[in-house]
Amino acid sequence: MRENQIIREYFINGKSMPKIAKEQGISLGRVRQIKEKGLRRLRMGKARRELLEKFDIAEAGAYRGGLKSYREHDFTSIVESMVIKRQDAQAEYESRLRELEESRKTRMR
């Protein structure tokens, strides 16, 4: 809660750290620490969300694996294999979309 408050005051309301420290009744150093901790948490959360959205990774265990795992995926890592599958799916989707568009144009004539 305090992290959100300090970050909001600093970045959105444009208050200086000494002013925030005075209003909160804490030291300037503590305001800096809280602000940095809050920013770290925001960055880590965003990075995790991006990974989940881009690669559909359900858990960190997907990164682990040995030689057996590489053999199962044509000697690529699990992450590379997932990216390749996603690219193939995207290409297939775009191909079908073009086919539907051509079909629609043909019916319109």
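Residues numbered from 1 in each chain as written. Predicted model: local features only at pLDDT ≥ 70, side-chain atom pairs only at ≥ 80, totals over all residues. Heavy atoms only, no water.

Draft legend 1. Representation of the side chain of K35 within the structure. Along the polypeptide, K35 turns up in helix α3 (residues 28-55). For K35, a relative accessible area of 9% corresponds to the buried category. Excluding residues within four positions of it along the chain, K35 makes contact with I6, I7, Y10, F11 and M17. (Helix = DSSP H or I, 4+ residues; strand = E, 2+ residues; numbered from the N terminus. Buried < 20%, exposed > 50% of the residue type's maximum accessible area, 1.4 Å probe, protein only. Contact = heavy atoms within 4.5 Å.)

Draft legend 2. A look at the nonpolar core. Counting residues in each nonpolar core, the largest one holds seven residues, listed as I6, M17, I20, A21, I26, V31 and I34. Listing elements by their share of this core, those giving two or more residues are α2 (17-24) and α3. Per-element accounting of this core gives the leading share, three residues, to α2. Apart from residues no more than four positions distant in its own chain, I26 is found in contact with R2, I6, A21, V31 and I34. (Core = buried A, V, L, I, M, F, W, Y, C linked by side-chain atoms within 4.5 Å.)

Draft legend 3. Local environment of the packing of aromatic side chains. Throughout the structure, instances matching the rule amount to one aromatic pair. A ring pair is formed by Y10 and F11, whose centres lie 4.8 Å apart and whose planes are at 85°; its orientation type is edge-to-face. For Y10, a relative accessible area of 29% gives the class partly exposed. Assessed through its relative accessible area of 48%, F11 is described here as partly exposed. A cation over an aromatic ring shows up here: K35 above the ring of Y10, its NZ or CZ 4.3 Å from the ring centre. (Phe/Tyr/Trp six-rings, centres within 6.5 Å; stacked < 30°, edge-to-face > 60°. Lys NZ or Arg CZ within 6 Å of the ring centre and 35° of its normal.)

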